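Working through the structure, step by step
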Amino acid sequence: FAGPKYSLLRPEFSEIREASLNRRSSSELRKILITMGGVDPLNTSGEILRILQNCNLSSDTEITIALGSNAPWISSLMELATQSRFSTSVKVNVSNMAKLMCDADLAIGAGGGTSWERCAVGLPTLMVAIAQNQLGSVEALTKAGAVISLGEIGTLDQTLPASINQLNETDVLREMSFRAAQVTDGTGCEQTVQAMD
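So, a few notes on the structure that sits alongside this text. (Residues numbered from 1 in each chain as written. Predicted model: local features only at pLDDT ≥ 70, side-chain atom pairs only at ≥ 80, totals over all residues. Heavy atoms only, no water.)

**Some thoughts on unusual backbone geometry**
The following threshold applies: Helix and strand definitions follow DSSP, with helices as H or I runs of at least four residues and strands as E runs of at least two, each counted in order from the N terminus. For every residue, the accessible area obtained with a 1.4 Å probe (protein chains only) is divided by the maximum for its type, and the residue is called buried under 20%, exposed over 50%, and partly exposed between those limits.
At Asp 40, a residue that is not glycine, the phi angle is positive and equals roughly 45°. The topology assignment puts Asp 40 in the loop between β1 (31-35) and α2 (44-52). Residue class for Asp 40 comes out buried when judged on its relative accessible area of 2%. The phi dihedral of Asn 93 falls on the positive side, at around 55°, and the residue is not glycine. Within the element layout of this structure, Asn 93 appears in the loop between β3 (87-92) and α4 (97-103). Of the residues examined, Asn 93 reaches a relative accessible area of 48% and is grouped as partly exposed.

**Re helix α3 (residues 74-83)**
In an α-helix there are 3.6 residues to a turn, and that puts residues three or four apart on one side. Short version of the rule: Each direction from the helix axis to a C-beta atom contributes to the arc, which is the arc of those directions. Working rule for contacts: check all heavy atoms of both residues, and any pair within 4.5 Å makes them a contact.
When α3 is considered as a whole, its buried residues turn out to be Ile 74, Leu 77 and Ala 81. For α3, the angular spread of buried residues about the axis comes to 60°, placing them on one side. The outward face of α3, more than 90 degrees from its buried face, is lined by the exposed residues Ser 75, Thr 82 and Gln 83. Buried-residue contacts for α3 involve α2, β2 (62-67) and β3.

**What to know about the sheet that holds β3**
Test applied: When DSSP finds two or more bridges between a pair of strands, those strands are recorded as paired. A fitted line through C-alpha atoms represents every axis, and for helices the fit uses only the stretch in contact; the resulting angles, taken between N-to-C directions, go from 0 to 180 degrees.
Across the sheet, which stays open at both edges, the six strands sit in the order β3-β2-β1-β4-β5-β6 with parallel pairing between neighbours. In the strand order of this sheet, the two ends are held by β3 and β6 (147-149), each with one partner. Mean inter-strand twist for the sheet, computed between neighbouring axes without regard to direction, equals 20°. Both strand β5 (residues 125-128) and β6 contribute to a ladder of three bridges, which runs parallel. By the bridge assignment, Leu 126 is partnered in β6 with Ile 148.

**Here we look at the packing of α2 against helix α7 (residues 156-167)**
The condition that has to hold: Angle categories: roughly parallel below 35 degrees, roughly antiparallel above 145, roughly perpendicular from 65 to 115, and oblique for all the rest. Left-handed describes a crossing whose near helix is turned anticlockwise from the far helix by less than a right angle; the clockwise case is right-handed. Ten residue types, Ala, Val, Leu, Ile, Met, Phe, Trp, Tyr, Cys and Pro, are classed as nonpolar, four, Asp, Glu, Lys and Arg, as charged, and the remainder, Gly among them, as polar.
Close contact between α2 and α7 brings their axes to 10 Å; oriented N to C, the two are set at 60°. It follows that α2 is oblique to α7 by the angle criterion. With respect to the hand of their crossing, α2 and α7 are arranged in right-handed fashion. The segment α2 lies against α7, with Thr 44, Glu 47, Ile 48, Arg 50, Ile 51 and Leu 52 engaging Leu 156, Asp 157, Leu 160, Pro 161 and Ile 164. By residue class, the composition of the contact of α2 with α7 is seven nonpolar, one polar and three charged.

**Quick look at the pattern of salt bridges**
For side chains of opposite charge, pairing can occur when their charged atoms come near one another. This is how the line gets drawn: By definition, a salt bridge exists where a carboxyl oxygen of Asp or Glu is found within 4 Å of a side-chain nitrogen of Lys or Arg.
Enumeration according to the criterion identifies seven salt bridges in this entry. In this structure, Asp 103 and Lys 99 form a salt bridge, with 2.7 Å as the shortest nitrogen-oxygen distance. Here Asp 103 pairs with Lys 99, and both are found in helix α4, just four residues apart, close to one helical turn. Judged by its relative accessible area of 41%, Lys 99 is partly exposed. Between Arg 174 and Asp 171 there is a salt bridge, and its shortest N-O distance comes to 2.1 Å. Classification of Asp 171 by relative accessible area gives partly exposed; the value is 36%. In the salt-bridge network here, residues are joined through shared partners; they are Glu 47, Arg 50 and Asp 157.

Structure below.
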């Protein structure tokens, strides 16, 4: 039972999967979800929000940043959100991550456990490894076509705008969603329990 197919995800992700995949028939890029882990120790969320201000995005783009209550950058992120040229909200300790992912057209996220949650709902992702142990998943998901790697944090000024431009090309988001959805369907827990019976 190794591999992402058997990722042990909460049932909310498999339950919302069909609705999430159905809404990805268009390639619109209007809603962006930033998830850089609960703590985001390097404030990568703030760096991404700063860079997005100068990216080729529609003025009606909506940005949501999700992080945990132990993140040290909450106040500064909220301040940045008020200065953003986009409608931007900062959500702390969310209990509806599956719904946030379903509603988003794109995630910009770290390479941790939420990678498999995003795949389960077919959410296209620009991914950055914020820790050494995330390099493998970033590489594997990039190879699978489920994500676009943004490389190291220090290169975001170059890679993020270039990747946003790439996503504005026809069908790129739709293709990434399809590839992501092939990685896991979010029923790893159920499959594991059935096998143990």
